[in-house]
Amino acid sequence: MHGRLKVRSTEEQKLLKQKEQQKKLRAYKYAMNQVAATRKEIPFNKDSLMLCAQVLSVNPDVYTLWNYRKEVVLQQLEMSKDEEVDDALVSFLENEIKLTEQCLLDNPKSYSSWHHRYWILQRHPKPNWQQEFSLITKYLTFDDRNFHCWDYRRLIINKIGISLCNELNFSTERLNINFSNYSSWHYRSTLRKLDSECLEEELELVQNAVFTDPNDSSAWFYLRWILSDRNVTNEKREELLESLTQLLDMDPDCKWILMAKCWLTGSLSLTDNHFAEKRIMDYKKLKELDPLRKGQYSDYLECAKKAIGTEK
Amino acid sequence: MATPIKDVVLDENRPKTLLAEKHADFIIKLFHSEDNYEFAITDYLRMSGMYWGLTALDLLHKRDKLLRVDLFDFIKSCQDPESGGISASLNHDPHLLHTLSAVQILCMYDKIDILDIEGVVKYVASLQQPDGSFSGDKWGEIDTRFSFCAVATLSLLKRMDSIDVDKAVKFIETCKNFDGGFGSRPLSESHAGLIYCCLGFLSITNRLDIVDRDTLAWWLCERQLPSGGLNGRPEKLPDVCYSWWVLSSLKLLGRLHWISSTDLENFIMACQDGETGGISDRPGDVADPYHTLFGLAALSLLGYSNIKMVNPTYCMPQEVIDRLGLKPQVLA
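This one's a predicted model, so the numbers in the text were calculated from it and none came from an experiment.

Parameters at a glance
Residues numbered from 1 in each chain as written. Chains lettered and ligands numbered in written order. Predicted model: local features only at pLDDT ≥ 70, side-chain atom pairs only at ≥ 80, totals over all residues. Heavy atoms only, no water. Buried < 20%, exposed > 50% of the residue type's maximum accessible area, 1.4 Å probe, protein only. Helix = DSSP H or I, 4+ residues; strand = E, 2+ residues; numbered from the N terminus. Arc of directions from axis to C-beta. Contact = heavy atoms within 4.5 Å. Polar contact = N/O pair within 3.5 Å; in protein donor to acceptor, adjacent residues only side chain to side chain. Phe/Tyr/Trp six-rings, centres within 6.5 Å; stacked < 30°, edge-to-face > 60°. Lys NZ or Arg CZ within 6 Å of the ring centre and 35° of its normal. Core = buried A, V, L, I, M, F, W, Y, C linked by side-chain atoms within 4.5 Å. Domains from an automatic or database assignment. Buried area = accessible area lost by both parts, 1.4 Å probe. Salt bridge = Lys/Arg side-chain N within 4 Å of Asp/Glu carboxyl O.

**Here's the deal with helix α4 (residues 69–77) of chain B**
Residues and elements named next belong to chain B. For α4, the complete set of buried residues consists of Leu71, Phe72 and Ile75. All buried residues of α4 fall inside an arc of 90° around its axis, so they share one side. In α4, those exposed residues whose orientation departs by more than 90 degrees from the buried face are Val69 and Asp73. Where α4 is buried, its residues touch α3 (46–59) and α5 (96–108).

Have a look at this one:
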């Protein structure tokens, strides 16, 4: 049970709710028994399918009912095997797709509904992947953090052969709408293989994001990933360090800027010791600014001190 | 365009100490409420629900308060004689999620022999795919959760030899992301629940070496919000269940000290329901057995006295894991 606020109700309200619940429970039990009774011998049963759809529209997590529907689908597919393309079969499958859409509108995070939808489309004689693509693009505008939607999008673009370039543009578009969208950053990371060619471009984009709102966490994770690449030259690193120092002047209590400075000084100190001293100072400040995570900063502080010790 | 942090504020009058007795009563009451609406309508997750409730009770040292012989008959009746898999309850289909829950319960009660063990092993092995991944049941949904369920079940039964472990590890490796985390499938976004599943999987298979330890531990410790609660992904609200998914992951990586224990403890305490007992996802919400278990298990990892020590890999009492002679990997 996620995000269900506890509310106080009067005795009267309670009674009414109980009555309502008993009615729902009877309907649920009736449907489950009906499906169980007809399933084994003859999967296809109009009443069972209807009852089953009613329950799923209210609660798509009743996984057994989706399994039942798949059995019926397999039976229908088997029956129309020899015919060319059977209109009745297509309309049956379209109906399944509609049911999942109905479920997803209310429960966009239902694992079973997403799976059922894709499972049906894979068996559809004339799957309309283009329509799926439009739908998923629309869904992502409703909630661009829903990872089911992103996963589904990945499945669909593989089916219709959307180019990598197209998806990169899509992720840039999403990021420009909202730099704080971690899912878009993640998606971008799956499209980009870091190499010297794209590094410049990515560094510029992510720099733009952290300078727009340094207190938003998302882009910093992406920056750390970019900086983990050895192809980022020391010259580039020093340049970025300089810009971050200026940014810190404007926002001296921003832990993210300090942390990013530490990543940079960490790699630069390998060749120049004066960065190591700066690093120690920054970790000390981080411990004060962000006490929740002081254990982490202490560990890094120890490492930084040790590094200086061994070099001297 | 500053983005405000999504979080909650803890009420001054929140519970501040552990209401152990109330939680035990809350769980016991659930097991005696067959006619209750919430209970009856959730039969599609009954087996996992029983695992949450019974483990919570055991961690509270109150297992003896619930001795029902019909419990074992019920579990036995949920094993499908044909496939060997175990379902959530009668009239439902076998699934890996519920197969693991049943095996966990029976291991806790040392009653594993009531099952057709060969059947369970055969079922789990049959769900491994050519790429090493696992499908949740015969209908083909792939998810790293199911990889965890498979190896957790088989290791509890000491039958890891029945699957291709190397291939299973390779699949998990393909789910690793730029931030060091893991998602439900290759290229899927990192999510604390799935990170736990993948780290638990790697702990059981003794392959935590493939993890980018400090990158991931940083991502995990950034889940702690000013309220002390943990979220499951960046820019999301805190939720007690992530106290477990994030904390156990940090424990497996040897980085439990990268978050503030005191602040997390305060948050979990605030999510207790002082009237009915039980723990909810956030302060003021309706309590349920799922959040009750994961809240208690997190407190156990934080070293809270009066709660039994929990094993971070299996989310079962450590004494059970010791009795079975299992030694899942934990990084120092």
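**Let's talk about the environment of Met269 of chain B**
Residue and element names in this part refer to chain B. Structurally, the position occupied by Met269 is in helix α12 (residues 261–270). Met269 sits in the buried class, given a relative accessible area of 2%. Spatially, the C-alpha atoms of Met269 and Leu296 are 9.6 Å apart, while their sequence positions differ by 27 residues. Not counting chain neighbours up to four residues away, the residues in contact with Met269 comprise Pro15, Lys16, Thr17, Leu18, Leu299 and Tyr304.

**Thoughts on the side chain of Ser190 of chain B**
Residue and element names in this part refer to chain B. Its location among the elements puts Ser190 in the loop between α8 (165–174) and α9 (192–204). Classification of Ser190 by relative accessible area gives buried; the value is 0%. Of note is the side chain of Ser190, whose polar atom sits 3.0 Å from the side chain of Asn177. Within the local environment of Ser190, its side chain forms a polar contact with the side chain of Asp179, the two groups lying 2.6 Å apart.

**Quick look at the packing of aromatic side chains**
With the rule as written, the count across this model stands at 29 aromatic pairs over all chains. For the ring pair Trp150 of chain A and Tyr187 of chain A, a centre distance of 4.8 Å and an interplane angle of 45° mean the geometry is tilted. Highlighted residues: Trp150 of chain A in helix α7 (residues 147–160) and Tyr187 of chain A in helix α9 (residues 182–191), separated in sequence by 37 residues. A single burial state applies to Trp150 of chain A and to Tyr187 of chain A, both of which are buried. On the numbers, 5.1 Å between centres and 50° between planes, the contact of Tyr196 of chain B with Trp245 of chain B is tilted. You can see Tyr196 of chain B sitting in helix α9 and its partner Trp245 of chain B sitting in helix α11 (residues 240–252), a full 49 residues away along the chain. What links up through ring pairs into an aromatic cluster is the set Phe179, Tyr182, Trp185, Phe221, Tyr222, Trp225, Trp256 and Trp263 of chain A together with Phe178 and Trp218 of chain B. Taking the ring centre of Trp256 of chain A as reference, the NZ or CZ of Lys255 of chain A above it sits at 4.3 Å. In this arrangement the basic side chain of Arg63 of chain B is found over the ring face of Tyr109 of chain B, its NZ or CZ atom lying 4.5 Å from the centre.

**Overview of the nonpolar core**
Leu156, Leu199 and Leu202 of chain B are the most contacted members of the largest nonpolar core, which has 164 residues in total. In contact with Leu199 of chain B, not counting residues within four places along its chain, are Phe182, Leu208, Val211, Leu216, Ser249, Leu252 and Leu253 of chain B. In this structure, Trp129 and Phe170 of chain A together with Tyr37 and Tyr44 of chain B belong to the second largest nonpolar core, which totals 50 residues.

**Focus: the domain arrangement of chain A**
All names here are of chain A. Taken domain by domain, chain A holds domain 1 (17–77 + 89–124), domain 2 (128–192) and domain 3 (197–312). Between domain 1 and domain 2, the C-alpha centre-to-centre distance is 28 Å. Of the residues lining the interface, twelve residues belong to domain 1; the matching set on domain 2 comes to 14 residues. Carbon and sulfur atoms supply 67% of the area buried between domain 1 and domain 2, which totals about 1,200 Å² over both sides. Summed over the three residues of domain 1 that lose the most area to domain 2, namely Trp114, Tyr118 and Leu121, the buried surface amounts to 51% of that side. At the surface where domain 1 touches domain 2, the tally comes to one salt bridge. Measuring nitrogen to oxygen at the nearest pair gives 2.8 Å for the salt bridge that ties Glu132 to Arg117. Of all the elements in the fold, those that place two or more residues in the side of domain 1 that touches domain 2 are α4 (87–106) and α5 (111–123). Of all the elements, α5 adds the most residues to the side of domain 1 that touches domain 2, at six residues.

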